[in-house]
Amino acid sequence: MTYINSFRTGLKEGLPICMGYFSVSFAFGIFAVESGLTVWQTVLISLFNLTSAGQLAGVPIIASGGSFVELALSQLVINSRYSLMSVALGQKLSREVTLPEKLFIAYGNTDEIFAVSVSNEGEIGTRYMAGLILLPVLGWTGGTLAGAVAGNILPAIVASALGIAIYGMFIAIVVPIAKKEKATALCVATAILFSLAFKYVPFLSFVPSGFTIIISAVIASVIFAIAAPIKTDEEEQSNG
Amino acid sequence: MDNGKFFIYLLVMAGVTYLVRMIPLTLIKEKIKNRFVLSFLHYIPYTVLSAMTVPACFYATGSTLSAIVGFVIAIVASFFERTLIQVAALSCAGVLVTELIMNYV
């Protein structure tokens, strides 16, 4: 089994994520300062949370002086997908990765860093993960700072266009694998159908959006884990 | 917002987000062999990202029309396996051009 543990490889693969994050967090910086936070508060939120959807949901709660419980619950629900990703990432890490190193890697387990790291063939190590995490953190925090400072001088139409950037990145992760694996394509389509139903079917649309993402993703993944299980390493070895 | 209260908010928010990522990564030490669990873990990142994108992305810009244009461009660009940043940039450009046209029509 191959073992990937080059800091340089990590940096190289992190660069496009960094650039994508810069544009997305730029929009977040504008949003947070408009909501009433200071520039430095906004930057600290990005540095310590490193999560798009959670931060978008958390800032209005903070700015309106909401309760700590509401803030904690919103983050727990919206970010619960990371716990599933952390389980999968943990399976991908080499046995040589120590506990303190895992404590650091956990901080950087975002949607995109996760998707890029687990798409490698074979096991991955700490040096690779450090390289992969570094630039996206700089991009996310730096973009937030730029947006927080320059947001009010940016034309509204440009800010609006930046709003789609994060979804463009998500699509760029999903489509290539869906093109390659028919079962994954059908699984993704199923998740989207559930997500649409939660939004537009009247008696389902009361469910908060943080929950609908989890429910849609889990139902579709369970259905396809039963109907179209993946090949395990042992089977591949016995077949090949 | 005054800094004292803000730091408590920051601690709560960052603390929950970090624990959600850290606990499963450090507690599950054994390699999972169960085929169902492995299959579930294979599908989950893609279903999460898809459910986050549709329908939320249609409300992410100034108008639904410009968002649909950006969405379609992103699908086409990623079908031809452009990089993350190329897909995001093309998608943003599509939204910008659409909204410019809408402003002048």
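Residues numbered from 1 in each chain as written. Chains lettered and ligands numbered in written order. Predicted model: local features only at pLDDT ≥ 70, side-chain atom pairs only at ≥ 80, totals over all residues. Heavy atoms only, no water.

Enquirer: Lay out the overall build of chain A in plain terms, naming residues and giving numbers.
Expert: Counting secondary structure elements, chain A contains 13 helices and two strands. For chain A, whose C-alpha radius of gyration is 19 Å, the value lies close to the compact-globule estimate of 18 Å for 240 residues. Referenced to the eigenvectors of the C-alpha coordinate spread, the extents of chain A come out at roughly 60 × 50 × 35 Å. Looking at the 240 residues of chain A, the share that counts as buried comes to 52%. A fraction of 77% describes how many contacts in chain A between residues 6 or more apart in sequence connect residues 24 or more apart. (Helix = DSSP H or I, 4+ residues; strand = E, 2+ residues; numbered from the N terminus. Rg over C-alpha atoms; globule rule 2.2 N^0.38 Å. Buried < 20%, exposed > 50% of the residue type's maximum accessible area, 1.4 Å probe, protein only. Contact = heavy atoms within 4.5 Å.)

Enquirer: Break down the domain arrangement of chain A for me, with residues and values.
Expert: All names here are of chain A. What the domain assignment reports for chain A is domain 1 (3–179) and domain 2 (181–240). Here the C-alpha centroids of domain 1 and domain 2 sit 23 Å apart. The largest per-residue losses of area from domain 1 upon contact with domain 2 belong to Val 77, Ile 177 and Ala 178, which jointly make up 60% of the total buried on that side. Every element with two or more residues in the side of domain 1 that touches domain 2 is listed here: α4 (68–78), α5 (81–92) and α10 (165–180). Sorting elements by how many residues they give to the side of domain 1 that touches domain 2 places α10 first, with four residues. For the side of domain 1 that touches domain 2, a count of residues per class yields six nonpolar, one polar and two charged. (Domains from an automatic or database assignment. Buried area = accessible area lost by both parts, 1.4 Å probe. Nonpolar A, V, L, I, M, F, W, Y, C, P; charged D, E, K, R; others polar.)

Enquirer: Mind laying out the pattern of salt bridges, listing which residues take part and the relevant values?
Expert: Oppositely charged side chains may form a pair once their charged atoms are brought near each other. What the rule picks out here adds up to one salt bridge over all chains. With a shortest N-O distance of 3.3 Å, Lys 179 of chain A and Glu 81 of chain B are connected by a salt bridge. Here the residue Lys 179 of chain A occupies a position in helix α10, and Glu 81 of chain B occupies one in the loop between α3 (64–79) and α4 (84–104), the pair thus bridging two chains. Judged by its relative accessible area of 41%, Lys 179 of chain A falls in the partly exposed class. Residue class for Glu 81 of chain B comes out partly exposed when judged on its relative accessible area of 47%. (Salt bridge = Lys/Arg side-chain N within 4 Å of Asp/Glu carboxyl O.)

Enquirer: I'd like to hear about the packing of helix α11 (residues 182–200) of chain A against helix α2 (residues 35–53) of chain B, residue by residue, with values.
Expert: Running from N to C, α11 of chain A and α2 of chain B cross one another at 40°; their axes reach a closest spacing of 9 Å. By the angle class used here, α11 of chain A and α2 of chain B are oblique. Handedness of the α11 of chain A/α2 of chain B crossing: right-handed. Each of Ala 183, Thr 184, Cys 187, Val 188, Ala 191, Ile 192 and Ser 195 of chain A in α11 of chain A lies in contact with α2 of chain B, whose residues at this interface are His 42, Tyr 43, Tyr 46, Thr 47, Ser 50 and Ala 51 of chain B. When its residues are assigned to classes, the contact of α11 of chain A with α2 of chain B shows eight nonpolar, five polar and no charged. (Axes fitted to C-alpha atoms, helices over the stretch in contact; angles between N-to-C directions. Parallel < 35°, antiparallel > 145°, perpendicular 65-115°, else oblique. Left-handed = near helix turned anticlockwise from the far one by under 90°.)

Enquirer: Tell me about a nonpolar patch on the surface, residues and numbers included.
Expert: Taken together, Ile 68, Val 72, Ile 75, Val 76, Phe 79 and Phe 80 of chain B make up a surface patch of nonpolar side chains, about 520 Å² in accessible area. Checked against the element boundaries, Ile 68 of chain B lands in helix α3. (Patch = residues over 30% accessible without salt bridge, like charges linked within 9 Å, V, L, I, M, F, W, Y side chains within 5 Å. Areas by Shrake-Rupley, 256 points an atom, 1.4 Å probe, with all protein chains shown as cover.)

Enquirer: Can you break down the interface of chain B and chain A residue by residue, with the values?
Expert: Of the residues lining the interface, 71 residues belong to chain B; the matching set on chain A comes to 101 residues. When the two sides are added together, the surface that chain B and chain A hide from each other amounts to roughly 7,900 Å², 74% of it contributed by carbon and sulfur. Between chain B and chain A we count one salt bridge in total. At the surface where chain B touches chain A, the tally comes to 26 residue pairs in polar contact (both at pLDDT 80 or more). Elements that contribute at least two residues to the side of chain B that touches chain A include exactly α1 (3–27), α2, α3 and α4 of chain B. Among the elements that line the side of chain B that touches chain A, the one with the most residues is α1 of chain B, at 19 residues. For the side of chain B that touches chain A, the residue count by class is 48 nonpolar, 14 polar and nine charged. (Polar contact = N/O pair within 3.5 Å; in protein donor to acceptor, adjacent residues only side chain to side chain.)

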